[in-house]
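These are the residues of each chain, in order.
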Protein chains: 2
Amino acid sequence: MIGLGLIGGSLLRALAASGHQVLGYDADPATRATARTAAARAPAGARWQVTSTVRDAASGAELVAVAVPLPAVGDVLDELVAIGYSGLVTDVTSVKGPVRDLVAARLHGPHSRLAGFVGGHPMAGRETSGFAAADAELFRGCAWVLCLDPADDPVTTLADWLDVAALVTGLGARVVPATAAEHDQAVALVSHVPHLLASALAATAAADPLALTLGAGSFRDGTRVAASRPALTAAMCGGNAAAVVPALDAVMASLTEARTALTGGTATGTAPAGADPIAALRPWLAAGHAARTEWPPAPGPTLELPARQDALLRLGRGGGWITAVAADRRTVTAVRPAR
Amino acid sequence: MIGLGLIGGSLLRALAASGHQVLGYDADPATRATARTAAARAPAGARWQVTSTVRDAASGAELVAVAVPLPAVGDVLDELVAIGYSGLVTDVTSVKGPVRDLVAARLHGPHSRLAGFVGGHPMAGRETSGFAAADAELFRGCAWVLCLDPADDPVTTLADWLDVAALVTGLGARVVPATAAEHDQAVALVSHVPHLLASALAATAAADPLALTLGAGSFRDGTRVAASRPALTAAMCGGNAAAVVPALDAVMASLTEARTALTGGTATGTAPAGADPIAALRPWLAAGHAARTEWPPAPGPTLELPARQDALLRLGRGGGWITAVAADRRTVTAVRPAR
C-alpha cells in the first residue's frame, strides 16, 4: 500500500482484516509514525507493517495499490519501475483517465517489468482525512469502480481485472465496471461538482454573519464537503477538469432554468405582472424531487453474468455492479438496479 | 395554531408541552383527523385540541400562529379579520417581506380588530413534512427569526415583539432579531439557494444510471433537500424570488470563477498548455473551506442588552441572538458569535 491517507489506510486495515499480508508506506514520516503505532495495536490476526521506503513495501508484493493524490501518482509509478517491481498495480485515485495515461506511458516501457494495471476508485470519501480516520469497514457496501476499456485494451487485461474484482468484492464493496472516460464523467457530476457547489455556497455566505447564524439543515448538508482539505479537492476536481467543466455547465444550465422561472424570463428578480414564480418553479423542482426520492437505486435480483468485457461494461452503464467473481473466473455475480 | 404541518404541528406540541393551552386547526380534514388521534394520546399535562374551523381555534386566543404555506396566508388573515379576532398574530412562513405586506394591508383596515403582528421564522426545516413528523423538541437550539423594522414600524411594536420573543425563547429557540428584508436576503442564501442547488444536481444526475450508482456522501448530502415536497419548496423560493435571484447570481458567479480556474480562462474544459487547474482551483476552494470549518459560529459570552429596537437589530446583523427576555421587558439576555 503506497499512501496511508484515509483511503490507503482504510484499505490497508481492510485487507489485513480479511487475512492478507500487507506492507504500507507513506512519504510523510509523521504518517508512517502514526501508522506504526496503530500497527502495534492491531489485533493479532490483522497485523500489517509499515516500511521506510517504497522498495521495502513493494518488492515482494503480488499487488501494489497506489493511494496517493493524483499529482504524486506519476512519481510513484516511476519508482515502482525503477525498483523493478514485477507484479500488478491498482490505484484508488478519484480520476481514472489521467491515471490511465500515466500508466500507459510506463507499462510497456523499455525498463518496465510491471505485470499489469487495473484502475480503481472506491466511492467512499469522507470530509475527514488522514490515517487517523482510516476504518477497515469503510468499503462495506460502497461502490468501487474498476476500469475496463471498451475495445482491445493496451492497459488492463480482463484476467487482471477479475483478480482485483475478486479481492475488492471480498472487502464487501460493490464493484462497478466502467471505462475511464465513463467513470470520469459520472464522478464529475456526482462527486466533483457537489464539492464545487458546496464551496461556492459556503464562500458566498461567509460575508453575512446573519446568514451564517440562520444556516440550518439545508446549509449544513449543502456545504458539508467544503470542509474537505482544499489541496485534495483541488487535485480531484482540477485533475478531472475536462469532465468537470461540462458537468458544471449542465448543472448551471439547470440553475439558469430555475432563475428564468423565478424572474418570469426577465433579467432581474422582479417577475412581470401576471407571472407566477411559484407555479413556474414547481415543474422544475419536480424533476429533482423524483430523482432524489428514487435514489439510491434499489438493488434488483441477483444474477450470474459471463465474465466478458462487453457484458461487464453494459452492466456498469445501466447502473449495475458485481458482488462476487467465480473462482474459475468464468462468471460473476451481478446486480442491476430495480426499476 | 392555524396549519398543522411539520412546523405548525411541532409548535402545537411544543407549546402544549410547556404548559400553554393550545387549539389547532388545519384546512385538510385528514390532517385534522391525524392530529385528533395524536391529541387523544398526548400526555395529560400537554393536551391540545383540534377544532373544525378557524373561528373555533382563534376566537378565544391571545395569540394566533399562522403556519400555512405562503399562498394561503392572505386567506387565513382575511378569515381572522372576518371573525373579529382581536389578539396578536405571528407566523412561521419562510419569507417575511411578502407576509409583512399581506399583514400591513389588513392590520389597520376598517373591519380589523387585530391587535398586532410579529413575523417569525423558525429555521427548523426537515425533508419530512406533515403532522406525522411533528416533534415538540424541533425548536430546541434552533435559530428563530422574529422581525422588527429599522424605523417607526407600522406593523410590529417592540412590546408585541418582546412578548413573542419571551414565548419562543421559552421553547429553547435562539431568537434572532432582523428586518423582513434582512431575513429574506439571508435565508435566500442559506436556505432557498441550497434547495435550488440540490434540485439542479439531482435532476442533472437523473439521466445517468452509472452516475446514480456512483453517488456517495457528497451526492447524498448535496441533494438531500431535493426530496422536500416541490409545492413547499416552490412556495418558499418563488415567494422570495426578489431575494433568491441575487443570491443565486452570487453563487453562480462564484461557480463561474471555479470554471475559469478549471479551464485556464478558456471557454472549454481544456486548459491551455502551461495552465494548472489544480493550482488555480486551490485558492478558490480555500475560501469555502475557511467558511465551512468556522461554521456554525461558536457562541460568545452571554450579555444583557437593553430591549431597544436598534440594539436588537444590531445584534442580529452581527450574527447574534437572544435566549431570554426579562419579565419587566426592559432587557434581554443576548449572545454574540465568538470571534
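A quick note: this is a predicted structure, and the numbers were derived from the prediction, not measured.

Draft legend 1. Examining the nonpolar core more closely. Core analysis: the largest hydrophobic core is formed by 92 residues, its most contacted members being A:Leu196, A:Leu214, A:Leu281, B:Leu196, B:Leu214 and B:Leu281. When near neighbours in sequence (up to four residues on either side) are disregarded, A:Leu196 contacts A:Cys237, A:Val244, A:Leu248, B:Leu255, B:Ala258, B:Leu262, B:Leu281, B:Trp284 and B:Leu285.

Draft legend 2. Spatial organisation of the pattern of salt bridges. Tallied over the entire structure, the rule returns 20 salt bridges over all chains. A salt bridge links A:Glu137 to A:Arg140, with the shortest nitrogen-to-oxygen separation between them at 2.7 Å. By relative accessible area, which is 53% here, A:Arg140 ends up exposed. Taking the shortest distance from any N to any O, the salt bridge between A:Asp221 and A:Arg220 comes out at 3.1 Å. On the accessibility criterion, A:Arg220 (40% relative accessible area) is partly exposed. Through salt bridges with shared partners, one network takes in A:Arg220, A:Asp221 and B:Arg224.

Draft legend 3. Quick look at the environment of B:Val244. For B:Val244, the position within the fold is in helix H11 (residues 241-263). Note on B:Val244: relative accessible area 0%, which makes it buried. Here the alpha-carbon distance between B:Val244 and B:Ala188, two residues 56 residues apart in the chain, equals 4.8 Å. Non-local contacts of B:Val244, meaning those with residues more than four positions away in its chain, are made with A:Leu262, B:Ala188, B:His192, B:Val193, B:Leu196 and B:Cys237.

Draft legend 4. Looking closely at the packing of H11(B) against helix H12 (residues 277-293) of chain B. Residues and elements named next belong to chain B. Packing of H11 against H12 brings their axes to within 7 Å, and their N-to-C directions diverge by 155°. One way to sum up the angle between H11 and H12 is to call them roughly antiparallel. Packed against H11, whose contacting residues are Ser 254, Leu 255, Glu 257, Ala 258, Ala 261 and Leu 262, the element H12 presents Pro 277, Ala 280, Leu 281 and Trp 284 at the interface. Of the residues contributing to the contact of H11 with H12, the split by class is 8 nonpolar, 1 polar and 1 charged.

Draft legend 5. Seen up close, the domain arrangement of chain A. Residues and elements named next belong to chain A. For chain A, the assigned domains are domain 1 (6-178) and domain 2 (184-293). Just the C-alpha atoms count here: the centres of domain 1 and domain 2 sit 33 Å apart. Taken together, the contact pairs 12 residues of domain 1 with 12 residues of domain 2. Of the roughly 900 Å² buried where domain 1 meets domain 2, counting both sides, 61% is carbon and sulfur surface. Where domain 1 meets domain 2, there are 0 salt bridges. Counting across the interface, domain 1 meets domain 2 through 2 residue pairs in polar contact (both at pLDDT 80 or more). Of all the secondary structure elements, the ones that give two or more residues to the side of domain 1 that touches domain 2 are helix H4 (70-82) and helix H5 (97-107).

Draft legend 6. Looking closely at the pairing of strand S4 (residues 88-91) of chain B. Residues and elements named next belong to chain B. Side chains of S4 alternate between two faces, with Leu 88 and Thr 90 and Val 89 and Asp 91 buried alike. In this sheet, S4 lies alongside strand S3 (residues 63-66) in parallel orientation, the contact comprising 4 bridges. From the neighbouring strand, Val 66 faces S4, where its bridge partner is Asp 91. With 3 bridges connecting them, S4 and strand S5 (residues 116-118) associate as parallel partners. Bridge pairing links Thr 90 to Val 118 in S5. You can see the chain leave S4, run along helix H5 (residues 97-107) and come back into S5, and the turn it takes is right-handed.

Draft legend 7. Representation of the relation of the copies chain B and chain A within the structure. Relative to chain A, chain B is turned by 180° and slid 0.0 Å along the rotation axis, the superposed coordinates differing by an RMSD of 0.0 Å. In symmetry terms, the pair is related by a two-fold rotation axis. Taken as a fraction of all interface residues of chain B, those also at the interface in chain A reach 100%, which identifies the copy contact as same-surface.

Each value, and the rule that gives it
- Residues numbered from 1 in each chain as written.
- Chains lettered and ligands numbered in written order.
- Predicted model: local features only at pLDDT ≥ 70, side-chain atom pairs only at ≥ 80, totals over all residues.
- Heavy atoms only, no water.
- Core = buried A, V, L, I, M, F, W, Y, C linked by side-chain atoms within 4.5 Å.
- Buried < 20%, exposed > 50% of the residue type's maximum accessible area, 1.4 Å probe, protein only.
- Contact = heavy atoms within 4.5 Å.
- Salt bridge = Lys/Arg side-chain N within 4 Å of Asp/Glu carboxyl O.
- Helix = DSSP H or I, 4+ residues; strand = E, 2+ residues; numbered from the N terminus.
- Axes fitted to C-alpha atoms, helices over the stretch in contact; angles between N-to-C directions.
- Parallel < 35°, antiparallel > 145°, perpendicular 65-115°, else oblique.
- Nonpolar A, V, L, I, M, F, W, Y, C, P; charged D, E, K, R; others polar.
- Domains from an automatic or database assignment.
- Buried area = accessible area lost by both parts, 1.4 Å probe.
- Polar contact = N/O pair within 3.5 Å; in protein donor to acceptor, adjacent residues only side chain to side chain.
- Pairing = 2+ DSSP bridges.
- Right-handed = clockwise from strand over helix to strand, strands pointing away.
- Least-squares fit on C-alpha atoms with pLDDT ≥ 70 in both.

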